[in-house]
Amino acid sequence: MPQGTQHNESQTAHRIHHLADGREAIFFADRGHSIPEQVTDQRALDPRGEPGELRYDRLTGDWVAVAAHRQARTYLPPKEECPLCPSKGTRHSEIPASEFDVVVFENRFPSLGPVLGEIPTPDEAAALPEAQIRAVGRCEVVVFTSDHDGSFGSLGDDRARTVIDAWAQRTASLSAMPGIKQVFVFENRGQDIGVTLHHPHGQIYAYPYVSPTAQKMAAQARKHLADTGKNLLGEILDSELADGSRIVARGEHFSVFVPYAARWPLEAHLVPHRQVPDLAALYEAEKAELALMYRDLIRRFDGLYDTPTPYIAAWHQAPLNDADRAASRLHLQLTSPRRAADKLKFLAGSEAAMGAFINDVSAEQTAARLREVTP
């Protein structure tokens, strides 16, 4: 396997290697640690398949990805068969190295991709309702640690920062790829959320369209900016800081609050004090604080009960057009369906069918509980 390419962007050291089927694997290192100069994937993998299909829903105006090949993906394997653990001896995983800090690789079972390209506009797709449209884009897996157990919340200071650096670097790189309209960084944690692998990891989707939620939020932000000349989320943050009842934590560059109209029993937003569109736009000092505040927020969620709390961490980044980037502000939305130690909130009729949420817990109650936890 040829030697990888060394990069240093914003003090983020990383090196690109390739897996046996040609997928990229990008290795990142904690400060003071080294990155393998050469790795060899010894598996005999089949060539990468063709993309799945995108179908346009004329009733809602949404795109739906059809990825039947994902039915064959690995599902909750035992620890000794985990594909995200290091490769050792005759056991070959997705990461061809005996040790590593953080690794990002192209998903072997992607919902989008592996090829890139443009898709039709909604008007074009509506005019050809059954056209074969390839599900172009890119899906990546972000492995936080070589340790099989734990979560982002159990990472040390340096490792938490390396993950943030990796997210920022991948956001910048993916945003520059042809046809990409939105980059979404996220993590699903816990079997109750629907994870298929227990190893601490997250994912990144680079969409060839702007997703429905991002469209809705961006439209609100653009309208508010046009009407008032102010950033909507910045104004909300100022109001939350002034009120204080829903504030969980406040730093120099970021604050955490439970949103006034929280949809989930556990929900918190982590918001930068400065207007930035995405993770790639953060200063070094901001990334350093973000790593610790995000990790501590997860520890607060976990500290509420005797067992780890399942959650979805959704990093809302501005779509890749000038108008949305000017109006939208980066923020994390951390949610959990856990409404009691042994109870989960399920999306039933009102939520699943109508998108009309009903929360059993007030935002003020949730904020008070989270403040009481020592991270």
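This is a predicted model, so every value here is computed, not measured.

Cut-off values and rules
- The written sequence of each chain sets the order in which its residues are numbered from 1.
- Since the coordinates come from a predicted model, pLDDT governs what is reported: local features require at least 70, and pairs of side-chain atoms require 80 or more to be given and counted, while whole-chain, interface and lining totals use all residues.
- Where side-chain values are given, they derive from all heavy atoms of the structure, hydrogens and water being excluded.
- Only DSSP runs of H or I covering at least 4 residues are called helices, and only runs of E covering at least 2 are called strands; the numbering of each starts at the N terminus.
- In this setup the radius of gyration rests on C-alpha atoms only. A globule is expected at 2.2 Å times the number of residues raised to 0.38.
- Throughout, exposure labels follow a simple rule: accessible area from a 1.4 Å probe, protein chains only, divided by the maximum for the residue type, with under 20% read as buried, over 50% as exposed, and the rest as partly exposed.
- By the convention used here, residues are in contact when the closest approach between their heavy atoms is within 4.5 Å.
- Here the open area of atoms and residues is found with the Shrake-Rupley method and a 1.4 Å probe, where only the protein chains shown may cover a residue.
- In this scheme, a helix's expected span is set at 1.5 Å multiplied by one less than its residue total.
- Throughout, the arc means that of the directions going from the helix axis to the C-beta atoms.
- Think of it this way: DSSP has to see at least two bridges between two strands before they count as a pair.
- Interaxial angles span 0 to 180 degrees and are taken between N-to-C directions of axes, which are lines fitted to C-alpha atoms, for helices over the stretch in contact.
- Oblique is the label for any angle not covered by the other classes, which are roughly parallel (under 35 degrees), roughly antiparallel (over 145) and roughly perpendicular (65 to 115).
- Note on convention: near helix rotated counterclockwise from far helix by under a right angle means a left-handed crossing. Clockwise means right-handed.
- Side-chain atoms alone can form a polar contact between residues adjacent in sequence; in general such a contact is a pair of N or O atoms within 3.5 Å, and within protein one must be able to donate a hydrogen while the other accepts it.
- Confidence scores here are pLDDT values: one per residue, from the predictor, ranging 0 to 100.
- Aromatic rings from Phe, Tyr and Trp, taking only the six-membered ring of Trp, are treated as a pair when their centres fall within 6.5 Å; an angle between ring planes under 30 degrees marks them as stacked, one over 60 as edge-to-face, and anything in between as tilted.
- Salt bridges are defined as contacts in which a side-chain nitrogen from Lys or Arg sits within 4 Å of a carboxyl oxygen from Asp or Glu.

Assigned secondary structure in the protein chain consists of eight helices and 17 strands. By the compact-globule yardstick of 21 Å for 375 residues, the protein chain fits well, its C-alpha radius of gyration being 21 Å. Taking the principal axes of the C-alpha coordinates as reference, the protein chain spans close to 55 × 55 × 40 Å. The proportion of buried residues among the 375 residues of the protein chain is 51%. Considering only intrachain contacts with a sequence separation of at least 6, the fraction spanning at least 24 residues in the protein chain is 66%. Of the roughly 17500 Å² of accessible surface on the protein chain, 49% is carried by carbon and sulfur atoms.

With that out of the way, let us pick up helix α3 (residues 212–228). Over its 17 residues, α3 runs 24 Å from end to end, which matches the ideal 24 Å to within 8%, given 1.5 Å per residue. Within α3, the full set of buried residues consists of Ala 214, Ala 218, Ala 221 and His 224. Looking straight down α3, one finds its buried side chains confined to an arc of 130°; they lie on one side. Turned more than 90 degrees off the buried face of α3, the exposed positions are Lys 216, Lys 223, Ala 226 and Asp 227. Summarising the contacts, the buried residues of α3 are in contact with β9 (182–189), α4 (232–243) and α6 (322–327). A positive phi of about 75° marks Gly 229, the residue just after α3.

Backbone-to-backbone hydrogen bonds pair the strands of a sheet. The strands run either parallel or antiparallel. An order of β5-β4-β7 is seen for the three strands of this open sheet, with the pairing classed as antiparallel. The open sheet is flanked by β5 (62–66) and β7 (133–134), the only strands paired with a single partner. Relative to β5, strand β4 (residues 53–57) runs antiparallel, the two sharing five bridges. The residue of β5 that forms the bridge with Leu 54 is Ala 65.

Moving on: the packing of helix α2 (residues 157–175) against helix α5 (residues 284–303). The contact between α2 and α5 brings their axes to 9 Å, and the two run at 120°. Judged by the angle between their axes, α2 and α5 are oblique. As for the relative orientation of α2 and α5, their crossing is right-handed in sense. Note on element contacts: α5 touches α2 through Glu 284, Lys 287, Ala 288, Leu 290, Ala 291, Leu 292, Tyr 294 and Arg 295, opposite Asp 157, Ala 160, Arg 161, Ile 164, Asp 165, Trp 167 and Ala 168.

Looking at the element boundaries, Asp 30 is found in the loop between β3 (24–28) and β4. A relative accessible area of 7% places Asp 30 in the buried class. A polar side-chain atom of Asp 30 sits 2.6 Å from a polar atom in the side chain of Thr 162. When sequence neighbours within four positions are dropped, the list of residues in contact with Asp 30 reads Asp 101, Asp 158, Arg 159 and Thr 162.

Let us look at the confidence of the model for the protein chain. Model confidence for the protein chain is summarised by a mean pLDDT of 94, while 97% of its residues fall at 70 or above. Below pLDDT 50 for its whole length, residues 5–10 participates in 16 contacts with residues either more than four positions away or in separate chains.

Here we come to the environment of Tyr 283. Looking at the secondary structure, you find Tyr 283 in the loop between β13 (266–272) and α5. Classification of Tyr 283 by relative accessible area gives exposed; the value is 51%. Considering only alpha carbons, one finds Tyr 283 and Gly 194, 89 residues apart in sequence, at a separation of 34 Å.

Right, let's talk about α4 for a bit. Residues three or four positions apart in an α-helix share a direction because the helix packs 3.6 residues into each turn. If you check α4, its first and last C-alpha atoms are 17 Å apart, about what 12 residues at 1.5 Å a residue would give, namely 16 Å. Leu 233, Gly 234, Leu 237 and Glu 240 are the residues of α4 that are buried. All buried residues of α4 lie within an arc of 120° about the axis, which places them on one face of the element. α4 presents Asp 238 and Ala 242 as exposed residues on the side facing more than 90 degrees away from its buried surface. Contact partners of the buried residues in α4: β11 (247–250), β12 (254–257), β13 and β15 (331–336). Near the N-terminus of α4, the side chain that reaches the backbone nitrogen of Leu 233, with its oxygen 3.3 Å away, is that of Asn 231. Just downstream of α4 lies Gly 244, where phi reads positive at about 85°.

Before going further, it helps to examine the packing of aromatic side chains. For the coordinates displayed, the defined rule picks out 14 aromatic pairs. On the basis of an interplanar angle of 45° and a centroid distance of 4.6 Å, the ring pair of Phe 152 and Tyr 294 is categorised as tilted. In this pair, Phe 152 sits in the loop between β8 (138–143) and α2 while Tyr 294 sits in helix α5, placing the two residues 142 residues apart along the sequence. Taken together, the ring pairs connect Tyr 56, Trp 63, Phe 184, Phe 186, Tyr 205, Tyr 207 and Tyr 209 into an aromatic cluster.

With that settled, the discussion passes to the side chain of Glu 53. If you trace the backbone, Glu 53 turns up in strand β4. Among the polar contacts made by the side chain of Glu 53, one reaches the side chain of Arg 55 at a distance of 3.1 Å.

Right, let's get into the pattern of salt bridges. Counted under the stated rule, the structure contains 33 salt bridges. For the salt bridge of Arg 159 with Asp 30, the shortest nitrogen-to-oxygen distance reads 2.9 Å. A residue pair is termed long-range when its members are at least 10 positions apart, and Arg 159 in helix α2 and Asp 30 in the loop between β3 and β4 qualify at 129 residues. For Arg 299, the salt bridge identified is with Asp 296, shortest N-O distance 4.0 Å. Residue Arg 299 and its partner Asp 296 are both found in helix α5; the two are separated by three residues, about one turn of the helix. Linked by salt bridges that have partners in common, Glu 24, Arg 48, Glu 106, Arg 138, Glu 140 and Arg 170 make up one network.

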